[in-house]
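Tertiary structure, described
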Amino acid sequence: MKIILSALPMAALLTGCVSLSDKQISRFDRMSCSQLAVALDYEQRGQRDAETSGALNSLSGLLSKGEASDRAELDAFADDLDADEHRAAKDYIRDRQDYLDC
């Protein structure tokens with residue numbers, strides 16, 4: 001439980017603060033419309049997978065005890081961050097598609 005409590009302030013700081021790196025932006029900016037469509041599909045699947053994994057880890061954390069519960073909760077937190085990264089990429093790709101009139 002101590003691990004989860006120490007992660008809570010970090011969660012509050014990181015939630016909603018996910019942004020793309022300059023490298024990711026540069027990569028998306030060089031893509032054609034068809035490449036952006038493939039990238040968007042990849043990011044959508046990645047977000048869905050991370051959200052599913054996070055939900056399962058949260059459930060596991062609730063059903064487990066002790067150290068196993070702590071590990072599951074931290075894994076769920078990592079999955080939430082991963083889902084946020086995919087969501088940010090997905091939003092940027094959609095904006096880029098609009099800009100290019102794809």
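From a predicted model like this one, the values you see are computed outputs, not experimental measurements. (Residues numbered from 1 in each chain as written. Predicted model: local features only at pLDDT ≥ 70, side-chain atom pairs only at ≥ 80, totals over all residues. Heavy atoms only, no water.)

For the structure on display, the rule yields five salt bridges. A single salt-bridge network, built from bridges that share partners, covers Glu51, Asp84 and Arg87. (Salt bridge = Lys/Arg side-chain N within 4 Å of Asp/Glu carboxyl O.)

This part is about the environment of Arg71. Its location among the elements puts Arg71 in helix 4 (residues 66–100). A relative accessible area of 46% means that Arg71 is categorised as partly exposed. Once the C-alpha coordinates of Arg71 and Ser58 are considered, the two residues, 13 residues apart in sequence, prove to be 10.0 Å apart. (Helix = DSSP H or I, 4+ residues; strand = E, 2+ residues; numbered from the N terminus. Buried < 20%, exposed > 50% of the residue type's maximum accessible area, 1.4 Å probe, protein only.)

Let us now look at a negative patch on the surface. A cluster of like negative charges, contributed by Asp91, Asp95, Asp98 and Asp101, occupies part of the molecular surface. Tracing the backbone shows Asp95 in helix 4. (Patch = residues over 30% accessible without salt bridge, like charges linked within 9 Å, V, L, I, M, F, W, Y side chains within 5 Å. Areas by Shrake-Rupley, 256 points an atom, 1.4 Å probe, with all protein chains shown as cover. Lys, Arg positive; Asp, Glu negative; His and termini not counted. Charge placed at Lys NZ, Arg CZ, Asp CG, Glu CD.)

Here we take up the state of the cysteines. Evaluation of the coordinates by the stated rule reveals one disulfide. Between the sulfur of Cys33 and that of Cys102 lies a disulfide, 2.0 Å long from S to S. Negative torsions about the S-S bond denote left-handed disulfides, and the value of about -75° found for Cys33 with Cys102 makes this one left-handed. Here Cys33 is found in helix 3 (residues 33–63), whereas its partner Cys102 is found in the segment after helix 4, with 69 residues between them in sequence. (Disulfide = S-S within 2.5 Å.)

Now for the nonpolar core. Core analysis: the biggest nonpolar cluster contains nine residues, these being Leu20, Phe28, Met31, Leu36, Ala39, Leu40, Ala88, Ala89 and Ile93. Sorting the residues of this core by element identifies helix 3 and helix 4 as the ones contributing at least two each. Leave out the neighbours within four places in its chain, and Phe28 touches Leu20, Leu36, Ala39, Glu43, Ala89, Tyr92, Ile93 and Arg96. (Core = buried A, V, L, I, M, F, W, Y, C linked by side-chain atoms within 4.5 Å. Contact = heavy atoms within 4.5 Å.)

Detailed reading of predicted coordinates is not advised where the pLDDT is low. Residues with a pLDDT of 70 or more make up 82% of the chain, whose mean pLDDT is 83. Mean pLDDT values for the elements of the chain range from 42 in helix 1 (residues 2–14) up to 94 in helix 2 (residues 22–29). Within the model, pLDDT remains below 50 along residues 1–15, and this stretch shows eleven contacts once partners closer than five positions in the same chain are excluded. (pLDDT = per-residue confidence, 0-100.)

We now examine the side chain of His86. Assignment of secondary structure puts His86 in helix 4. Those residues within four positions of His86 in sequence are excluded, and the remaining contacts are Tyr42, Glu43, Gly46 and Gln47.

The next subject is helix 4. The end-to-end C-alpha distance of helix 4, which contains 35 residues, comes to 52 Å, matching closely the 51 Å that a straight helix rising 1.5 Å per residue would cover. After helix 4 finishes, the residue Asp101 shows a positive phi value of roughly 60°. (Expected span 1.5 Å × (residues − 1).)

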